[in-house]
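Here is what each chain is made of, one letter per residue.
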Amino acid sequence: MTGNFEIFRDTDLLYRFHLMDEHGGVLVTSAGYHHKREAVTAITAVRENAAMGHIRDRSEASPRMPRLVRAPART
């Protein structure tokens with residue numbers, strides 16, 4: 001499995017990159033950067049850190065962020 005990084009400019013002329021899968025699908029879109037070298041630096045950081053990165057599951061509500069509760073149906 002070989003993905004690649006694609007640098008592009010958005011409508012605001014900021015540099016961004018996509019991490020693409022082997023079929024050309026977009027896996028990740030970066031933040032915007034004013035300079036191309038900043039985007040390249042970010043790509044380098046992703047390449048160095050992502051392979052060993054831990055997964056943090058923050059999909060569950062925390063005590064500070066209660067779950068949304070649906071209002072009872074009106075009768």
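Here the structure is shown first, and the text comes after it.
Cut-offs used in this document
Residues numbered from 1 in each chain as written. Predicted model: local features only at pLDDT ≥ 70, side-chain atom pairs only at ≥ 80, totals over all residues. Heavy atoms only, no water. Helix = DSSP H or I, 4+ residues; strand = E, 2+ residues; numbered from the N terminus. Buried < 20%, exposed > 50% of the residue type's maximum accessible area, 1.4 Å probe, protein only. Contact = heavy atoms within 4.5 Å. Polar contact = N/O pair within 3.5 Å; in protein donor to acceptor, adjacent residues only side chain to side chain.

Visitor: Could you give an account of the overall build of the chain, naming the residues involved and the relevant values?
Guide: Scanning the chain from N- to C-terminus turns up 1 helix and 3 strands. Listing every helix and strand of the chain by position from the N terminus yields β-β-β-α. Burial status across the chain gives 13% buried among its 75 residues. For the chain, the share of sequence-separated contacts (at least 6 apart) that also reach a separation of at least 24 residues comes to 14%.

Visitor: Provide a residue-level description of the side chain of serine 30, including the pertinent values.
Guide: Structurally, the position occupied by serine 30 is in the loop between strand S3 (26–29) and helix H1 (36–49). On the basis of relative accessible area, serine 30 is assigned to the buried category, the value being 9%. A distance of 2.8 Å separates a polar side-chain atom of serine 30 from the backbone nitrogen of phenylalanine 17. Beyond its immediate stretch of four places on either side in the chain, serine 30 contacts Arg16 and Phe17.

Visitor: How would you summarise the environment of leucine 14 if you had to cite specific residues and measurements?
Guide: Tracing the backbone through its elements, the reader meets leucine 14 in the loop between strand S1 (4–9) and strand S2 (15–20). Overall, the relative accessible area of 18% leaves leucine 14 in the buried class. Contacts of leucine 14, omitting those with residues within four sequence positions, involve Phe8, Arg9, Gly32, Tyr33 and His34.

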